[in-house]
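What the coordinates show
The chain contents come next:
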Amino acid sequence: MLSYQHIYHAGCFADVVKHLTLVNLLDYLTKKDAPMLYLDTHAGRGAYDLTDKLALKTGEANLGILPLWTKRAELPDVYKTYIKSLEQMNKGTELRYYPGSPALALELLRKQDRAVFCELHSGEQSHLRSSLPKKRVKKFIYHDDGLNILNALMPPIERRGLIFMDPAYELSSDYKNTADAITRAHKRFKTGVYCIWYPIIDERMHLPLTRGLEAIQDSPYLSLTFNLQKTQTIGMGACGLWIINPTYNLADIMHSVLQTLTTILNPGESSYKIFTHKV
Ligand SMILES: C[S@@+](CC[C@H](N)C(=O)[O-])C[C@H]1O[C@@H](n2cnc3c(N)ncnc32)[C@H](O)[C@@H]1O
């Protein structure tokens, strides 16, 4: 029984970090004409209304996208594509709609690309079907387990691809299951770019994921963490992203993105780390 609904967390600091990573990866990958697969294993509903009572209940955007939106005119170039997507969705100066990973990805994908979205929650899945922007990209939506679809699609016919994985981690077994699914997929598609998001609540929870990812051989990776607070509080005060086969200069780009973010989100308290591993 799935109870997680991302609308409660839409536009939170973790969304900002994950979506800036996603957009910068796609910005680079779509520079080459060759077609690519974009697989979003946990797609969510596609776009979020920040004035929805469920979003207002937690108000997480107040410590995430809203302070960033206020400073949008002063941001460095590495924010350009992300902010442009937000501006396209919001016609005035108020930020009401926040794009989820599917909407952000579709903005950047081209007609030669293939986009596959998986969403297991029935309600979220039907929202996703109705909210996706009309664009000439081959789009497929599966009301299915993203890990099964990952297994079924590897290696992709395009031989180029970004696998974006943003599970809800409702069960503690999700951490290990995610690492195992990527390990299997990587054996069949070693050159794919895999981007995995995870919450940092208590290290013991996410270690089965990060240890599993660390054990994957033959591919470089980049791992980054963003802490909103100096000291660990109850709940999610930090998050991480793990990128296998990161695109060229992603480390430099993310340094610039996260450095700026520490000056806007909880300044004086927030911090980040980036680690790169070469083979
Ligand atoms: C964190 S949200 C995704 C947010 C989205 N990626 C974004 O950035 O806008 C995780 C989503 O995964 C869905 N979900 C949970 N288990 C799943 C599974 N096994 N396969 C596919 N989707 C799943 C949840 O219903 C939820 O909508």
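Heads up: the structure comes first, above all this text.
Overview of the structure. Nothing here was measured: the structure is a model prediction, and the numbers come from that model. Per chain, residue numbering runs from 1 following the sequence as it is written. Given that this is a predicted model, residues contribute local features only at a pLDDT of at least 70 and side-chain atom pairs are listed and counted only at 80 or more, while totals for whole chains, interfaces and linings are drawn from all residues. No hydrogens and no water enter the side-chain calculation; it runs on all heavy atoms of the structure.

**Points about the site of the ligand**
Any residue with a heavy atom positioned within 4 Å of a molecule or strand is treated as near that molecule or strand. Looking at the ligand, there are 19 residues lining it, with His 19, His 42, Glu 119, Gly 146 and Asp 166 nearest. Whenever a nitrogen or oxygen atom comes within 3.5 Å of another N or O atom, the pair is scored as a polar contact, on the condition that within protein one atom can donate a hydrogen and the other can accept it, and that pairs from neighbouring residues in sequence are kept only if both atoms are in side chains. One of the side-chain N or O atoms of Glu 119 is found 2.6 Å from an oxygen atom in the ligand. Each accessible area value is a Shrake-Rupley result obtained with a 1.4 Å probe; residue values ignore everything except the protein chains displayed when judging cover. Here the ligand loses 95% of its free accessible area of 600 Å² to cover by the protein chains. Counted by class, the shell around the ligand contains 6 nonpolar, 9 polar and 4 charged residues. The nonpolar class holds Ala, Val, Leu, Ile, Met, Phe, Trp, Tyr, Cys and Pro. Asp, Glu, Lys and Arg form the charged class, and all remaining residues, Gly among them, are polar.

**Overview of the packing of aromatic side chains**
Any two rings among Phe, Tyr and Trp, with Trp reduced to its six-membered ring, count as a pair given centres within 6.5 Å; such a pair is stacked if its planes are under 30 degrees apart, edge-to-face if over 60, and tilted if neither. On inspection of all chains with the given rule, the structure shows 8 aromatic pairs. Judged by centre distance (6.2 Å) and plane angle (65 degrees), the ring pair of Tyr 38 and Phe 117 falls under edge-to-face. Of this pair, Tyr 38 sits in strand β1 (residues 37-40) while Phe 117 sits in strand β4 (residues 114-118), and the two are 79 residues apart along the sequence. For the pair shown, Tyr 38 and Phe 117 are each scored as buried. Ring geometry for Tyr 169 and Trp 197: centres 6.4 Å apart, planes at 45 degrees, overall tilted. With Tyr 169 in the loop between β6 (161-165) and α8 (173-188) and Trp 197 in strand β7 (residues 193-200), the pair connects residues that are 28 residues apart, well separated along the chain. Residues Tyr 169 and Trp 197 agree in their burial class; the two are buried. Three or more aromatic residues joined by ring pairs make a cluster, and in this case those are Tyr 169, Tyr 175 and Trp 197. Note on conventions: DSSP H or I runs of at least 4 residues are helices, E runs of at least 2 residues are strands, and numbering of each starts at the N terminus. Buried means the residue's accessible area, taken with a 1.4 Å probe over protein chains only, is under 20% of the maximum for its type, while exposed means over 50%, and partly exposed covers the values in between.

**Describing the sheet that holds strand β10 (residues 271-277)**
Taken together, 8 strands build an open sheet; the order of strands is β5-β4-β1-β6-β7-β9-β8-β10 and the sheet is mixed. Both outer strands of the open sheet, β5 (138-142) and β10, are each paired with one neighbouring strand and no more. Adjacent strand axes in the sheet meet at a mean angle of 10 degrees, parallel and antiparallel pairs treated alike. In the sheet, strand β8 (residues 221-227) pairs with strand β9 (residues 238-244) via 7 bridges, with the strands oriented antiparallel. For Leu 224, the partnering residue across the bridge sits in β9 and is Leu 241. Across the sheet, helix α5 (residues 101-108) touches β1, β4, β5 and β6, and the angle it forms with β1 is around 170 degrees. When DSSP finds at least two bridges between two strands, those strands are taken to pair. To obtain each axis, a line is fitted to C-alpha atoms, and for helices this fit is confined to the stretch in contact; angles are then taken between N-to-C directions over 0 to 180 degrees. Pairs of residues are marked as contacts when any of their non-hydrogen atoms sit within 4.5 Å.

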